[in-house]
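# Per-entry structural report
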Amino acid sequence: MSNSRRNSGTRPGAAGGRIQQAKLVLLGDQGVGKSSLALRFVRGQFPEHSEATVGAAFLTQTILVQGQSLKFDIWDTAGQERYHSLAPMYYRGAQAAVVVYDINNANTFNRAISWVRELRQQTAVNTVIVLAGNKADLASEHRAVPTEDARVFAEETGLIFAECSAKSGLAVNEMFMMIAHKIVGKHASPNSSQGVQLTGGEEASSSGCKC
Amino acid sequence: MNHLCFYSLLMGKESKMILRWADITKLEQDNNMFLLPDSIKVSTRDASHYFSMLLHSNETFSIMEQLANLAMKQLMQEPGFQEDKSLVAKLKSVKKRRRISILRRDLDAKARSEKFRLAFQLPVTEKLDSDMECTLWAPYNKQHIGGRLYISNNFMCFASKVADLVKVTIPLRDVSVLEKIDNSVSGSLINKAILVTTKSKVNFTFSEFRNRDLVLEKLSDFISMQPIIRRYPALLSMFAGTENVEPSAADRAREAAKQHMWDLNFAEFGRGVSMYRTPETHQLVIRGIPDCYRGEMWLVFSGAVNEMATHPGYYADAVRQSQGHPSAVTEEIEKDLYRSLPEHPAFQSDHGIGALRRVLTAYAWRNPTIGYCQAMNIVASVLLLYVSEEEAFWLLTAICERLLPDYYNTKVVGALIDQGVFQDLVYEHLPALYNKLDVLGLLNMISLSWFLTIFISVMPFSCAVNILDYFFYGGAR
């Protein structure tokens, strides 16, 4: 379980000569907007009528970062608790995990915290973990999770943290770009920390990991 | 019942062994062992044991096999729901060794009942009472067809000896007249016959019984025990005509042609639960049921119509009792109401959403071990497009409890098992594809939703409902 780069082999590609691949998994409670975030990033759309995800869905998106092509293999999982036991199949070997919660629902934040704990225990030290508070467009009326609470938790646990909105598009692409920078940077020189940081969590990235 | 015990007293040395059925992973019968003729090998996760010199090796083996399977089933079902209480009680009473033959008989009966229910899509409570050889007069091709008649508490069913030639299910509640006849019908000679007339005035002639009087006696006994059922008027599907897309002329023509074929089939083979199910019916189903008959046929083929008829008022009651108790389950349902077939106008209206909410909540109330599982919302919403709320509830019940047991429980075990089987089949029949997917580690990760939504989520809607047509007709086998 310590080889996070199992799927990150590079191969010759058209743009810039090399395409790096990265497996990314979306986790989080039911109905927090995992699929919508993925669709916003991949297609730039917000589907007004989206179907609940059963099992898992798969999407890809290739972006250019630091002069290099990076192809995200995105696994969008089902949120309901009874699918939890299947999650390891999806996050195994992932370079990045985006744990999503709904900033208007405190329960989903608690669930996100337990997802982060599980990921820290079960995945490699250098797995990029992102804590994403979705549905920020509704924050002014319905917010239930204070930004500060989430930021503090993210800093303590060494996560990238972002509040975003799949509906308005706020901070979604930026979040994925951040992940991309981190992955590409790491791949170029695994021990340096040239990735872009939002919350300065890099120094804590090895805390709490039992691998 | 839950344990396998061994006790020996050999030359004053006593040895005892107790195994839990649930821990057993493998049972093997072995006759080739040099030292231990007629032995049975029992493997558990961490050890294996040999039993030899059994008095009735074959018999013991089959009992052990069935008990182990039963234990497996209980493990999967999680305690509480659907346990066959009477059998468990009976088994508990079987303690003494000389009563092992009773145990064996009960297990055999259970296995036969299960096969019978599967073959005719009957409610899980049906127990096979008896079966006997006879012939059925097929008015549509003027022939006597040889086969077996099966009688249970609430049904009489016939299956031809030649597989799939014809199948008939007659609910005893529908029988209005039962009589002996000895003269000829339509000019052909019949022997020792019984004429069954249903309330919809359809006749079935069974003949060549070995012991006609006994059959008659049994049938009339069971019929006299049938509860009197209030008839509910057939409800029209509430979403009919809400589709925004106007079907093309070609589509309409195809529908009309299909409908015509079905009309012919109804005229010749009857309509409803006790229609003759012949290879022609099979062919028609494969070509797809026309929209106007789809809901009705789903109910008939899946047998859900029986469960609904024998539980009048159940759904209304379930809805009443399940309303107004917010819980973790209802919260999960709420989250998915607007995410079930969201493109369809029916589920953008309060009418459709309300119906879906009631069906799912009522089902969660009926069966707390399943509660609500994502995927049921999608299945239920498709059902609701073709049948009324109450009918959708019973179809969902048939799917969750008979057609796909263990699919939607808290660990989605059933679906995972089918996925495993699917993977093996791909390996066997499409090795090239298998190798490709295996390298990518994909097969397991993508196929789960196919099974859980009965392929609704991965196919164009028009194909997916055809799969459902056949799924309800042929069962999940």
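Residues numbered from 1 in each chain as written. Chains lettered and ligands numbered in written order. Predicted model: local features only at pLDDT ≥ 70, side-chain atom pairs only at ≥ 80, totals over all residues. Heavy atoms only, no water.

Under the annotation held in an unreviewed UniProt entry, chain B carries the name Rab-GAP TBC domain-containing protein and is attributed to Candidula unifasciata.

If you look chain A up in an unreviewed UniProt entry, it shows as Rab5 from Candidula unifasciata. UniProt, in its Sequence similarities (unreviewed entry) section for chain A, records the words "Belongs to the small GTPase superfamily. Rab family." (UniProt positions renumbered as here; feature names shortened; annotations may be inferred.)

### Some details on the overall build of chain A
On a plain count of helices and strands, chain A comes out with 6 helices and 7 strands. If you list the helices and strands of chain A from N to C, you get β-β-α-β-β-α-β-α-β-α-α-β-α. Burial status across chain A gives 55% buried among its 211 residues. Contacts spanning at least 24 positions in sequence make up 73% of the contacts within chain A whose residues lie at least 6 apart. Of the accessible surface of chain A, which amounts to about 8,600 Å², a share of 48% is contributed by carbon and sulfur atoms. (Helix = DSSP H or I, 4+ residues; strand = E, 2+ residues; numbered from the N terminus. Buried < 20%, exposed > 50% of the residue type's maximum accessible area, 1.4 Å probe, protein only. Contact = heavy atoms within 4.5 Å. Areas by Shrake-Rupley, 256 points an atom, 1.4 Å probe, with all protein chains shown as cover.)

### Describing helix H14 (residues 413-429) of chain B
Residue and element names in this part refer to chain B. End to end, H14 covers 24 Å across 17 residues, agreeing with the expected 24 Å (1.5 Å per residue, within 8%). Among all positions in H14, only Gly-414, Ala-415, Gln-419, Gln-423 and Val-426 are buried. On its buried face, H14 is in contact with helix H15 (431-440) and helix H16 (443-452). (Expected span 1.5 Å × (residues − 1).)

### Section: the environment of Trp450(B)
Residue and element names in this part refer to chain B. Position of Trp-450 among the secondary structure elements: in helix H16. Taking relative accessible area as the criterion, Trp-450 reaches 23% and is therefore assigned partly exposed. Once you skip the residues sitting within four places of it in the chain, Trp-450 turns out to touch Phe-422, Phe-455 and Val-458. Side-chain polar atoms of Trp-450 contact the backbone oxygen of Ile-446, separated by 3.4 Å. (Polar contact = N/O pair within 3.5 Å; in protein donor to acceptor, adjacent residues only side chain to side chain.)

### A word on helix H3 (residues 106-122) of chain A
With 17 residues, H3(A) extends 25 Å from end C-alpha to end C-alpha; this agrees with the ideal 24 Å at 1.5 Å per step. The set of residues buried in H3(A) consists of Thr108(A), Phe109(A), Arg111(A), Ala112(A), Ile113(A), Trp115(A), Val116(A), Glu118(A), Leu119(A) and Arg120(A).

### Quick word on the interface of chain A and chain B
The interface is formed by 23 residues belonging to chain A together with 32 residues belonging to chain B. For the pair chain A and chain B, the number of links is 1 salt bridge. Here Asp29(A) and Lys335(B) are joined by a salt bridge, their closest N and O atoms 3.9 Å apart. Applying the counting rule to chain A against chain B returns 13 residue pairs in polar contact (both at pLDDT 80 or more). Its residues placed into classes, the side of chain A that touches chain B shows 9 nonpolar, 10 polar and 4 charged. (Salt bridge = Lys/Arg side-chain N within 4 Å of Asp/Glu carboxyl O. Nonpolar A, V, L, I, M, F, W, Y, C, P; charged D, E, K, R; others polar.)

### Some words on the nonpolar core
The nonpolar side chains of a soluble globular protein tend to be buried, and buried together. Ranked by internal contacts, the top residues of the largest apolar core, which has 108 residues, are Leu131(A) and Tyr408(B). Excluding anything up to four places from it in sequence, Leu131(A) contacts Val99(A), Tyr101(A), Phe109(A), Ala112(A), Ala150(A), Phe153(A), Ala154(A), Leu159(A), Ile160(A), Phe161(A) and Ala162(A). Within the second largest apolar cluster, 34 residues are counted, among which are Val32(A), Ala38(A), Ala96(A) and Val184(A). (Core = buried A, V, L, I, M, F, W, Y, C linked by side-chain atoms within 4.5 Å.)

### A closer look at the UniProt feature "transmembrane region" (unreviewed entry) in chain B
Here the UniProt-annotated "transmembrane region" (unreviewed entry) positions come out as residues 450-473 of chain B. Secondary structure across residues 450-473 of chain B divides into 67% helix and 0% strand, with the first and last C-alpha atoms of the span separated by 19 Å.

### Concerning unusual backbone geometry
All names here are of chain B. The backbone phi angle of Gln-121 is positive, close to 55°, even though this residue is not glycine. Along the chain, Gln-121 falls in the loop between helix H3 (100-120) and strand S6 (128-138). Classification of Gln-121 as buried rests on a relative accessible area of 7%. Even without a glycine there, the phi angle at Val-412 is positive, about 40°.

### What to know about the sheet that holds S6(B)
All names here are of chain B. Spatial ordering of the open sheet is given by S9-S8-S7-S6-S12-S11-S10, a layout of 7 strands whose pairing is antiparallel. Either end of the sheet is taken by a strand with one partner, and the two such strands are strand S9 (167-171) and strand S10 (175-181). Between one strand axis and the next, the sheet turns by 30° as a mean value, whatever way the strands run. Bridge analysis of strand S8 (residues 155-160) against S9 gives 5 bridges, and the strand direction is antiparallel. Across the sheet, the residue bridging to Cys-157 is Thr-169, located in S9. Contacts between helix H4 (residues 212-224) and the sheet are confined to S6, strand S7 (143-152), S8, S10 and strand S11 (193-198), with S10 contributing the most and set at about 165° to the helix. (Pairing = 2+ DSSP bridges. Axes fitted to C-alpha atoms, helices over the stretch in contact; angles between N-to-C directions.)

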